[in-house]
Amino acid sequence: MDKIAILCSGGDVSGMNSALKRFVEYAYAKNMQPYFVYNGYEGLIDNRIVEAHFADVAGIMTRGGTKIKSARSARFKEPSYRAIAAENLRQKGITKLIVLGGDGSFRGMERFHHESGIAFCGIPSTIDNDINGTDYCLGVDTALNVIKNAIDSIRDTASSFRRAFVIETMGRDCGYLALVSAITSGAEVCLIPEIPIDIHEYKGCFESQIRKGRDYFIVVVSEGLKNAPEIARWFEEELGFESRVSVLGHIQRGGNPSVYDRLMAYKFVTHAIDTLLTGNNNSVVCYTKSHFNFRTIAEVAFNKYVLDEDLLILGREQFAPSHCQM
Ligand code: F6P
């Protein structure tokens, strides 16, 4: 019987548990023995590799996070620890491995695959949506919905208090979460690394809007810019508007997975197992232009993600200070 393992690496996302459920069910359906690796690459090194059963995945679909834990492993960057990890898999006769993670996790797997010969398939999983080669990463839809709910709630209090709220989203250096959230929540300003904007350019327009009765502002900034306090100060000092910074933080990573993420988890895992069974031993399942496809780990992990041009055009139109309606 073929043996296949799965692990979660890096920042967890909602939808990982749905993926684990499908993994166990589909592996058995394909006459394979599924294994869980607990605690990411750390667990590969520490031999926390156990057989997975139907009972392990009962009732986990609705929970965010990951039942088998995730980790960022410094040790896995070292060849000696990767050799231990490979030996642990070999001892159990496991020849195939699925990794739910981001590009950092895939870079580790690139080396591991070449050194060990273990067949690998990656499933892009990060709320940042910053993996080259795929339009969608597992967990993004749930994170966007968490952010939408947070901004909608903040709007209630902002409008009751005559305040400017500067809301910081996650995303590392990628502005995807901030841009989509700003557009879909009707924010006045969106600041992301991909669309350079000088906040001072809004001054005349915002002064005019205030004279006409505007009494609150919603500003969405991406964490990569690290400027939320500075922007809040600008509203206080330049426009005389009381301001607050709201860092949404790790709530964006958790919560009840959306229907879309549950379904995408099922589809990603199905494609991953199918491709491993056809002998494709070095790939990442990508989702581009509404179709699943496979790319080499190197292509995905060693190229920088670029935000979708249509989205950037929308963002530039929506948030350019020159388009601000007086
Ligand atoms: O990569 C996912 C992510 O949530 C980023 O958006 C964020 O910058 C980072 O992880 C936070 O990492 P940690 O959980 O280690 O604080």
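None of these values were measured; they are calculated from a predicted model.

Attention now goes to the domain arrangement of the protein chain. If you check the domain split of the protein chain, you get domain 1 (2-139 + 257-295) and domain 2 (140-253 + 309-323). Between domain 1 and domain 2, the C-alpha centre-to-centre distance is 35 Å. Interface area, domain 1 with domain 2, both sides summed: about 1,200 Å², of which 49% is carbon and sulfur. Run the count over domain 1 and domain 2 and you get two salt bridges. Here domain 1 and domain 2 share twelve residue pairs in polar contact (both at pLDDT 80 or more) between them. Tallied by class, the residues present in the side of domain 1 that touches domain 2 amount to seven nonpolar, six polar and five charged.

Moving on, we come to the packing of helix 7 (residues 203-211) against helix 8 (residues 228-239). Two elements in contact, helix 7 and helix 8, have axes separated by 12 Å at closest approach and are oriented at 65°. In this view, helix 7 runs roughly perpendicular relative to helix 8, as classed from their interaxial angle. Between helix 7 and helix 8 lies a crossing whose hand is right-handed. Touching K203, F206, E207 and I210 of helix 7 are W234, F235, E238 and L239, all from helix 8.

The subject of this paragraph is the site of the ligand. Around the ligand sit R72, T126, D128, M170, G171, R172, E223, H250 and R253, and those are all the residues in its vicinity. At 2.5 Å from an oxygen atom of the ligand is found a side-chain nitrogen or oxygen belonging to E223. Here R253 contributes a side-chain N or O atom positioned 2.8 Å from an oxygen atom of the ligand. With respect to the detected pockets, the ligand is housed in the largest pocket. Residue composition of the shell around the ligand, by class: one nonpolar, three polar and five charged. A domain-level breakdown of the shell around the ligand finds at least three residues from each of domain 1 (2-139 + 257-295) and domain 2 (140-253 + 309-323).

Procedures and definitions
- Residues numbered from 1 in each chain as written.
- Predicted model: local features only at pLDDT ≥ 70, side-chain atom pairs only at ≥ 80, totals over all residues.
- Heavy atoms only, no water.
- Domains from an automatic or database assignment.
- Buried area = accessible area lost by both parts, 1.4 Å probe.
- Salt bridge = Lys/Arg side-chain N within 4 Å of Asp/Glu carboxyl O.
- Polar contact = N/O pair within 3.5 Å; in protein donor to acceptor, adjacent residues only side chain to side chain.
- Nonpolar A, V, L, I, M, F, W, Y, C, P; charged D, E, K, R; others polar.
- Axes fitted to C-alpha atoms, helices over the stretch in contact; angles between N-to-C directions.
- Helix = DSSP H or I, 4+ residues; strand = E, 2+ residues; numbered from the N terminus.
- Parallel < 35°, antiparallel > 145°, perpendicular 65-115°, else oblique.
- Left-handed = near helix turned anticlockwise from the far one by under 90°.
- Contact = heavy atoms within 4.5 Å.
- Near = heavy atom within 4 Å.
- 1 Å grid on protein atoms, 1.4 Å probe; cavity = no way out; pocket = protein on both sides within 12 Å on 5 of 7 lines; lining within 4 Å.
- Sits in = over half its atoms within 2 Å of the grid points.

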